[in-house]
Amino acid sequence: MKPAQIQAFFATLQAANPHPVTELEYTSVFELLTAVLLSAQATDVGVNKATRKLFPVANTPQKILALGLDGLESYIKTIGLFHSKAKHLMQTCQMLVDRHGGEVPRTREALEALPGVGRKTANVVLNVAFGQPTMAVDTHIFRVSNRTGLAPGKTPLAVEQQLLKRVPPAYAVDSHHWLILLGRYVCQARKPLCHQCAVSAYCDFKPKTTG
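Residue numbers run consecutively from 1 along every chain, following the written order of its sequence. In keeping with the model being predicted, local features are shown solely for residues with a pLDDT of at least 70 and side-chain atom pairs are shown and tallied solely at 80 or more, while totals for entire chains, interfaces and linings include all residues. Here the side-chain values reflect all heavy atoms present in the structure, with hydrogen atoms and water set aside.

### Observations concerning helix 2 (residues 29-38)
Note: α-helices contain 3.6 residues per turn, so residues at a spacing of three or four share the same orientation.
1) Next: Accessibility here uses a 1.4 Å probe with only protein chains present; expressed as a share of the type maximum, an area under 20% marks a residue as buried, one over 50% as exposed, and anything in between as partly exposed. A run of H or I in DSSP counts as a helix once it spans at least four residues, and a run of E counts as a strand once it spans at least two, with each numbered from the N terminus. With respect to burial, helix 2 is a largely interior element, nine of its ten residues being buried.
2) Next: For helix 2, every residue scored as buried is listed here: Phe30, Glu31, Leu32, Leu33, Thr34, Ala35, Val36, Leu37 and Leu38.
3) Next: Close packing links the buried residues of helix 2 with helix 3 (44-54), helix 4 (61-76), helix 5 (82-100) and helix 7 (119-128). We call two residues contacting when some pair of their heavy atoms lies within 4.5 Å.

### Some remarks on the state of the cysteines
1) Next: Pairs of cysteine sulfur atoms within 2.5 Å are what we label disulfides. What the rule picks out here adds up to zero disulfides.
2) Next: No disulfide involves Cys194; its sulfur sits 6.4 Å from the nearest other cysteine sulfur, which is in Cys203.
3) Next: Since its relative accessible area comes to 11%, Cys194 is described here as buried.
4) Next: Here Cys203 is not cross-linked by a disulfide; its sulfur's nearest cysteine counterpart is in Cys187, at 6.3 Å.
5) Next: Look at Cys203 and you get buried, because its relative accessible area is 13%.

### A few points about the layout of surface pockets
1) Next: Size it by volume and the largest pocket reaches roughly 750 Å³.
2) Next: Residues are called lining when one of their atoms sits within 4 Å of a cavity or pocket point, these points coming from a 1 Å grid over the protein atoms alone, where a cavity is a set in which a 1.4 Å probe fits but cannot get out and a pocket is an open set with protein on both sides within 12 Å along at least five of seven lines. Along the walls of the largest pocket sit 34 residues, with Ser39, Asp44, Lys120, Asp138 and Arg184 positioned nearest its centre.
3) Next: Of all elements in the fold, only helix 2, helix 3, helix 5, helix 7, helix 8 (139-148) and helix 10 (172-185) reach the threshold of two or more residues within the lining of the largest pocket.
4) Next: No other element matches helix 10, which puts six residues into the lining of the largest pocket.
5) Next: All residues other than Ala, Val, Leu, Ile, Met, Phe, Trp, Tyr, Cys, Pro, Asp, Glu, Lys and Arg, Gly among them, are scored as polar; the first ten of these are nonpolar and the last four charged. Within the lining of the largest pocket, the residues separate by chemical class into 13 nonpolar, 14 polar and seven charged.
6) Next: Grid points are joined across faces, edges and corners, and a volume is the space filled by probe spheres set on the points. Counted as a void, the second largest pocket has a volume near 170 Å³.
7) Next: Taken together, Thr12, Leu13, Ala16, Asn17, Trp178, Leu181, Leu182, Val186, Gln196, Cys197, Ala198 and Val199 form the lining of the second largest pocket.
8) Next: For the lining of the second largest pocket, the elements supplying multiple residues, two or more each, are helix 1 (3-16) and helix 10.
9) Next: Of the residues contributing to the lining of the second largest pocket, the split by class is nine nonpolar, three polar and no charged.

Quick look at the structure:
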């Protein structure tokens, strides 16, 4: 995909959805961090279902710790890998209280030091909560970036680095939301819905599907 095509690609996505947001539900930075931590290998729909019950009861590190491990697990047991996620979340809450005054840190290094928080989770928090132009490369973004020719790479980190170079600055903050939504609903893994895609004219994928 050439620079002029990339510009048109994102201009089209922006025109269709000027203010994209994550589909995870949250009302604070800590709730966002918790939701993203729980979302690994799980759907946003499934995470939202659990956090709608959890957050009214416990939506701060101190309140999660007060629940105890068994109490926390009872709220998130419908989410895949809930045992390890509960353990990581408890450890993260303890670190937030001990090292950060119960607040979510604003740097990549401090975020990635939290148990269960990898580069992708840190990127989501930095982008969504703090407005930084990071690229959280999940399976959807990895697929779309390679299939379209936008930012080819053999690993999520390689794709992330390509996106940081190739996405025009004007679109950098919102671009990962557009790419996730495109991959989730249109540029799907088994059969991309090219005939429904607003940006198919700028995409390198051949052959296009017609329905």
